[in-house]
Amino acid sequence: MNIQIIEGVAGAQQAKGTAVIIDVLRAATVASYLLNQGVTSIIPVATPEEAFEFKQADPTVLLVGEDKGIKIDGFDIGNSPAEIKQLDLFGKTAVHRSSAGTQGLVNATNAQEIIFGSFVSAKPILEYLRSKNPEEITFVPMYALEDQLFAEYMQDQLLGKNDITLSDIKSKLMQHEWLLSSFLNPENVHFPEEDFHLCLELDVFDFFPVIVDGKIVRNGQ
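This structure is a prediction, so every number in the text was calculated from the model and none was measured.

1. Description of the nonpolar core
(1) Moving on: Counting 34 residues, the largest nonpolar core has Ile 21, Leu 34, Ile 42, Phe 116 and Ile 216 as its most contacted members.
(2) Moving on: Of all the elements in the fold, those that place two or more residues in this core are β2 (18-22), α2 (27-36), β4 (62-67), α4 (81-84) and β7 (113-117).
(3) Moving on: By residue number, the principal contributor to this core is α2, which donates seven residues.
(4) Moving on: Residue contacts for Phe 116: discarding those within four places in its chain leaves Ile 21, Asp 23, Ala 27, Ala 28, Ala 31, Gly 101, Thr 102, Leu 105, Ile 125, Pro 209 and Ile 216.

2. Digging into the side chain of Gln 37
(1) Moving on: Tracing the chain through its elements places Gln 37 in the loop between α2 and β3 (41-45).
(2) Moving on: If near-sequence neighbours (up to four positions away) are discounted, Gln 37 is found in contact with Ile 84, Lys 85, Leu 87, Asp 88, Leu 89 and Phe 90.

3. Quick look at helix α8 (residues 166-173)
(1) Moving on: Listed in full, the buried residues belonging to α8 are Leu 166, Ile 169 and Leu 173. Buried residues along α8 cover an arc of 60° about the axis, so they all sit on one side.
(2) Moving on: In this structure, the buried residues of α8 make contact with α7 (145-158), α9 (177-181) and α10 (193-199).

4. Focus on the packing of α7 against α8
(1) Moving on: Contact geometry of α7 with α8 gives a least axis separation of 11 Å together with a crossing angle of 165°. The angle between α7 and α8 places the two elements in the roughly antiparallel class. Handedness of the crossing formed by α7 with α8: right-handed. Contact residues: α7 offers Leu 145, Glu 146, Leu 149 and Tyr 153, while α8 offers Ile 169, Lys 172 and Leu 173.
(2) Moving on: Along the lines of polarity and charge, the residues of the contact of α7 with α8 split into five nonpolar, no polar and two charged.

5. Quick notes on the pattern of salt bridges
Working definition: two side chains of opposite charge can pair if their charged atoms are close together.
(1) Moving on: Applying the stated criterion across every chain yields a total of five salt bridges.
(2) Moving on: Between Lys 132 and Glu 113 there is a salt bridge whose closest N-O contact spans 2.8 Å. Of this pair, Lys 132 sits in helix α6 (residues 122-132) while Glu 113 sits in strand β7, and the two are 19 residues apart along the sequence.

6. As for the packing of aromatic side chains
A ring pair, where both rings are aromatic, is described by two values, the distance of the centres and the angle of the planes.
(1) Moving on: According to the stated counting rule, one finds nine aromatic pairs in the structure shown.
(2) Moving on: Their ring planes at 70° and their centres at 5.9 Å tell us that Trp 178 and Phe 183 sit as a pair that is edge-to-face.
(3) Moving on: On the basis of relative accessibility, which here comes to 42%, the residue Trp 178 falls in the partly exposed class.
(4) Moving on: Put simply, the rings of Tyr 33, Phe 205 and Phe 207 pair up and form one aromatic cluster.

Parameters and conventions
- Here the residue index of a chain counts from 1 through its sequence in written order.
- The model is predicted, so local features are restricted to residues of pLDDT at least 70 and side-chain atom pairs to those at 80 or more, both for listing and for counting; the totals for chains, interfaces and linings are taken over all residues.
- Side-chain metrics in this entry use all non-hydrogen atoms of the structure; hydrogen atoms and water are not considered.
- As used in this record, nonpolar core signifies buried Ala, Val, Leu, Ile, Met, Phe, Trp, Tyr and Cys residues forming a set joined through side-chain atoms within 4.5 Å.
- Note on classification: 1.4 Å probe, protein chains only; a residue is buried when its accessible area is under 20% of the maximum for its type, exposed when over 50%, partly exposed between these limits.
- Secondary structure elements are taken from DSSP: a helix is a run of H or I of four residues or more, a strand is a run of E of two residues or more, and numbering for both begins at the N terminus.
- In this description, contact between two residues means that some pair of their heavy atoms is separated by no more than 4.5 Å.
- To obtain the arc, one takes the directions from the helix axis to the C-beta atoms.
- Only the contacting stretch of a helix is used when fitting its axis, a line to C-alpha atoms as for every element, and angles between N-to-C directions run 0 to 180 degrees.
- By definition in this entry, angles of less than 35 degrees are roughly parallel, angles greater than 145 are roughly antiparallel, angles of 65 to 115 are roughly perpendicular, and the rest are oblique.
- Take the far helix as your reference; a near helix turned counterclockwise from it by less than a right angle gives a left-handed crossing, and one turned clockwise gives a right-handed crossing.
- Nonpolar residues are Ala, Val, Leu, Ile, Met, Phe, Trp, Tyr, Cys and Pro. Charged residues are Asp, Glu, Lys and Arg, and all others, Gly as well, are polar.
- Whenever Lys or Arg places a side-chain nitrogen within 4 Å of a carboxyl oxygen from Asp or Glu, that contact is recorded as a salt bridge.
- Geometry of aromatic contacts follows a simple scheme: Phe, Tyr and Trp rings, the Trp one being its six-membered ring, pair when their centres are within 6.5 Å, and the pair is stacked under 30 degrees between planes, edge-to-face over 60, tilted otherwise.

Take it as geometry only, folks, not as evidence of what the structure does.
Here you go:
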């Protein structure tokens, strides 16, 4: 098992074997919450314009996502697990656009399989990787500190070191300047603090989001 950590869109483009695209705050976490709330599949796109084209073709699809962290005008749902966890979305198809996570997904064209990774689905991802034991694993943190820390946590777990704890990760993040001005700032309504805590919960779900035929679905679906 050869494990690499390569950042950003360039990392996604270089990813081989099993690629784990990471966007903890919030797109990968949002994908898990959407699937948990009954969404059958999620179509990742790079631009709002692509999303609106899907909506025009099928008005029943849900548009989910953000631009620079802020819900896009005309979208049904923002990029917020706190919002999504309250909704009944059974049988829906979603189209998801985010500034970081979905950019990684659509650019990982050289990978054999693509997983959308975050803390809420860490355990099932680890169990799958240990069971499959792929020759190549590429973790792709999408720029943010929390994504890099998740990649390091997953690598640590796969190597059996168990040196990195979620408590340590949260402590680092709660001192991070950008997070203090966004999710940890009560006056910043676009970045709810509840989202921070939901995204930093470990092993909430017993499934993980994976790309199948260009759509995000539950693994094994």
